[in-house]
Amino acid sequence: MARAGITVDRLVAAAAELADEAGFEQVTLSALARRFGVKDASLYSHVRSLQDLRHRIARLAGGELIDRIAVAVAGRSGKDALAAYAGAYCAYALAHPGRYAATQIRIDPALVDPDDPAMRRTVEITYGMLRGYGLAEPDLTDAVRLLRATFHGYCVLEAGGGFNAPRDVRASWDRAIGALHIALENWPHEETDPHA
């Protein structure tokens, strides 16, 4: 029987808070059970496993992240939209390191709901911004990978204190966004073989 007061949503929210406080890898069912003052086994009436819990944290964090990005890019286009998207992405990653780490885990495709509203919204907002640069598949996928790799790398390095040069980190960030904007405006579209 589920303990009164514990719900899946409360459990996932507590796990996300723990991830931000102690690190995503420190989220365990034992640590959560201690927070709720219950035995580990009682949490299994809410989640199937630690993997299930971590996937739920990833979905929660992904939804929070795209909600912030959506607000930031609303009504913007081109470089303004790109800068707003990047800024919201980085701000979330730095403010919520454990939740952000959860968004980077690989989730078994069999567990992914293609109709998940957060996932659909992520694709719509990201691809919508990039279509403003005149991109279509397969260039859209390539551009998404470039942006994700750049944003992720920058945020992880900044969070870890990896930028030691005296130059202001935000100034370098702004230059990186400017360079990405130029790259997207001048994207080398993949040529298709007319004989294929």
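The structure we're discussing is the one just above.
The following refers to the structure shown.

Procedures and definitions
Residues numbered from 1 in each chain as written. Predicted model: local features only at pLDDT ≥ 70, side-chain atom pairs only at ≥ 80, totals over all residues. Heavy atoms only, no water. Salt bridge = Lys/Arg side-chain N within 4 Å of Asp/Glu carboxyl O. Helix = DSSP H or I, 4+ residues; strand = E, 2+ residues; numbered from the N terminus. Buried < 20%, exposed > 50% of the residue type's maximum accessible area, 1.4 Å probe, protein only. Phe/Tyr/Trp six-rings, centres within 6.5 Å; stacked < 30°, edge-to-face > 60°. Core = buried A, V, L, I, M, F, W, Y, C linked by side-chain atoms within 4.5 Å. Contact = heavy atoms within 4.5 Å. Axes fitted to C-alpha atoms, helices over the stretch in contact; angles between N-to-C directions. Left-handed = near helix turned anticlockwise from the far one by under 90°. Nonpolar A, V, L, I, M, F, W, Y, C, P; charged D, E, K, R; others polar. Expected span 1.5 Å × (residues − 1). Arc of directions from axis to C-beta. Lys, Arg positive; Asp, Glu negative; His and termini not counted. Polar contact = N/O pair within 3.5 Å; in protein donor to acceptor, adjacent residues only side chain to side chain.

1. Considerations on the pattern of salt bridges
It is possible for side chains bearing opposite charge to pair when their charged atoms get close.
Thought 1: Enumeration over the complete set of coordinates arrives at eight salt bridges.
Thought 2: Here Asp 52 ties to Arg 56 by a salt bridge, and the two come within 3.2 Å at their closest N and O atoms. One end of the pair, Asp 52, and the other, Arg 56, are both in helix H3 (residues 50-73), four residues apart, so they sit about a helical turn from each other.
Thought 3: Asp 52 sits in the buried class, given a relative accessible area of 6%.
Thought 4: Since its relative accessible area comes to 24%, Arg 56 is described here as partly exposed.
Thought 5: Arg 170 is the salt-bridge partner of Glu 158, the closest N and O atoms lying 2.3 Å from each other. With a gap of 12 residues between them, Glu 158 in helix H7 (residues 139-159) and Arg 170 in helix H8 (residues 169-185) connect regions that are remote in the sequence.

2. Digging into unusual backbone geometry
Thought 1: Here the residue pair Glu 137 and Pro 138 is connected by a cis peptide bond, since its omega of 5° sits within 30 degrees of zero.
Thought 2: Mapping Pro 138 onto the fold places it in the loop between helix H6 (117-131) and H7.

3. Quick notes on the environment of Gly 128
Thought 1: The topology assignment puts Gly 128 in helix H6.
Thought 2: Taking the C-alpha atoms as reference points, Gly 128 and Val 8, 120 residues apart in sequence, are found 33 Å from one another.

4. Some details on the packing of aromatic side chains
Thought 1: Counting across every chain of the model gives six aromatic pairs.
Thought 2: An angle of 55° between the planes, with centres 5.4 Å apart, marks the rings of Tyr 89 and Phe 151 as tilted. Of the two residues, Tyr 89 is situated in helix H4 (residues 78-95) and Phe 151 in helix H7; the sequence distance between them amounts to 62 residues. Considered together, Tyr 89 and Phe 151 belong to a single accessibility category, that of buried residues.
Thought 3: Plain terms: the ring middles of Phe 151 and Trp 173 are 6.0 Å apart, the flat faces sit at 50° to each other, and that makes the pair tilted. One end of the pair, Phe 151, is in helix H7; the other, Trp 173, is in helix H8, and 22 residues separate them in sequence.

5. Observations regarding the nonpolar core
Thought 1: If you look at the biggest cluster of nonpolar residues, it comprises 35 residues, and the most contacted ones within it are Ile 69, Leu 82, Leu 130, Phe 151 and Leu 184.
Thought 2: Among the elements of the structure, H3, H4, H6, H7 and H8 are those that each provide at least two residues to this core.
Thought 3: For Leu 130, the contacting residues outside a window of four places in its chain are Leu 135, Leu 140, Ala 143, Val 144, Leu 147 and Leu 184.
Thought 4: Counting residues in each nonpolar core, the second largest holds 22 residues, with Ala 15, Leu 32, Leu 53 and Ala 102 among its members.

6. Observations regarding the packing of H3 against H4
Thought 1: Orientation of H3 relative to H4, taken along the N-to-C sense of each, is 145°, at an axis distance of 8 Å. Both H3 and H4 take part in a crossing whose hand is right-handed. Across from Ala 61, Glu 64, Leu 65, Arg 68, Ile 69, Ala 72 and Val 73 in H3, the residues of H4 making contact are Ala 81, Ala 84, Tyr 85, Ala 88, Tyr 89 and Tyr 92.
Thought 2: Residues that form the contact of H3 with H4 fall into these classes: 11 nonpolar, no polar and two charged.

7. Overview of H7
Thought 1: The end-to-end C-alpha distance of H7, which contains 21 residues, comes to 30 Å, matching closely the 30 Å that a straight helix rising 1.5 Å per residue would cover.
Thought 2: Those residues of H7 not exposed but buried are Asp 139, Leu 140, Ala 143, Leu 147, Phe 151, Tyr 154 and Cys 155. Buried residues in H7, looked at end-on, bunch into an arc of 115°, giving them a common side. Residues of H7 that are exposed and angled more than 90 degrees away from the buried face: Arg 145 and Ala 149.
Thought 3: Buried residues along H7 sit against H4, H6 and H8.
Thought 4: Just past H7, the residue Gly 161 takes up positive phi, approximately 70°.

8. Things to note about the side chain of Asp 139
Thought 1: By secondary structure assignment, the location of Asp 139 is in helix H7.
Thought 2: We note that Asp 139 is buried and unpaired, the nearest opposite charge coming from Arg 145 at a distance of 11 Å.
Thought 3: For Asp 139, the side chain forms a polar contact with the side chain of Trp 187, separated by 3.2 Å.
Thought 4: Those residues in contact with Asp 139, other than ones at most four positions away along the chain, are Trp 187, Pro 188, His 189 and Glu 190.

Remember, this is a structural readout, not a statement about activity or role.
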